[in-house]
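# Notes for the structure review
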Amino acid sequence: MGFKSIAIDGPAGAGKSTLARQVAAALGYLYVDTGAIYRTLGLAALRHGVDPQDGAAVVALLQGCAIDLRHGGDGVQHMYLDGEDVSEAIRRPEISDYSSKVSAIPEVRSGLMEMQRSLAQQHNVVMDGRDIGTVVLPNADVKIFLTASPEERARRRFEELVQRGTPQPYEEVLRDLKERDAKDTGRAAAPLRRAEGAVEVDTTGCSLEESLERLLTVVRTGVMA
Ligand code: DC
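Residues numbered from 1 in each chain as written. Predicted model: local features only at pLDDT ≥ 70, side-chain atom pairs only at ≥ 80, totals over all residues. Heavy atoms only, no water.

Where an unreviewed UniProt entry is consulted, the protein chain appears under the name Cytidylate kinase, with the organism given as Candidatus Flavonifractor merdigallinarum. Quoted verbatim from the Subcellular location (unreviewed entry) heading of the UniProt record, the comment on the protein chain is "Cytoplasm". Per its UniProt entry, the protein chain bears the Sequence similarities (unreviewed entry) comment "Belongs to the cytidylate kinase family. Type 1 subfamily." (UniProt positions renumbered as here; feature names shortened; annotations may be inferred.)

Below, the structure is given as structure tokens:
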């Protein structure tokens, strides 16, 4: 019997990582955050002074650096860049823009695909990102498209940044989020869209608990049926 996979896609700030982690914990599955992989390459570009929109330079960078994803004994995902644990560094706000830009390069997407697929071949996974249900795991057992209004997503991101100690004005957060939505959905390579067969879950106005309940219902009726 093969491993089970749950694909959760959606725009930035929809609550994917928090909810996907909780769904994985509830089911005993491995949580895989694919955005962290693009963020690690974005960080490499920033550190090496590489223009994240220069395809040839970014591809050379990808080939020249070591990006590793490992889960600790507690099941928490860590990202490594050339052996250094960069799990914290990739969360800085400027990395969001860099990662969105490098992720639009087709060779970057294909170069990072195997890492994602092989995890799903070796574990039961809850994997979140932008193209998991459409490209990475098109045969996932359950596909969810998680959304919320831009204003609500910006408010959540704003609060998250305050908690992390890296606050940004709300208007700036909303503007950046709308820009990133446009980049992630408008790009030619694996744009963000609802996968065929994906259940759309809109969490606008829902508490985290309510959203988790809705997701678990979708998952249970889908995977466990
Ligand atoms: O989920 P996130 O905000 O950490 O993702 C950072 C960027 O990476 C996002 O703007 C688009 C890109 N990304 C992607 O193209 N495909 C994925 N599966 C996950 C993220």
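Now that the structure has been shown, the text picks up again.
The subject of this paragraph is the site of the ligand. Contacts to the ligand come from 15 residues, most closely from Arg39, Arg109, Asp131, Arg180 and Arg187. Arg109 places a polar side-chain atom, nitrogen or oxygen, 2.8 Å from an oxygen atom of the ligand. Look at the ligand: alone it shows 450 Å² of surface, and the protein chains cover 96% of it. Looking at the shell around the ligand, the elements with two or more residues in it are helix H2 (35–48), helix H4 (93–102) and helix H9 (170–186). By residue number, the principal contributor to the shell around the ligand is H2, which donates three residues. Residues of the shell around the ligand, tallied by class, amount to two nonpolar, six polar and seven charged. (Near = heavy atom within 4 Å. Polar contact = N/O pair within 3.5 Å; in protein donor to acceptor, adjacent residues only side chain to side chain. Areas by Shrake-Rupley, 256 points an atom, 1.4 Å probe, with all protein chains shown as cover. Helix = DSSP H or I, 4+ residues; strand = E, 2+ residues; numbered from the N terminus. Nonpolar A, V, L, I, M, F, W, Y, C, P; charged D, E, K, R; others polar.)

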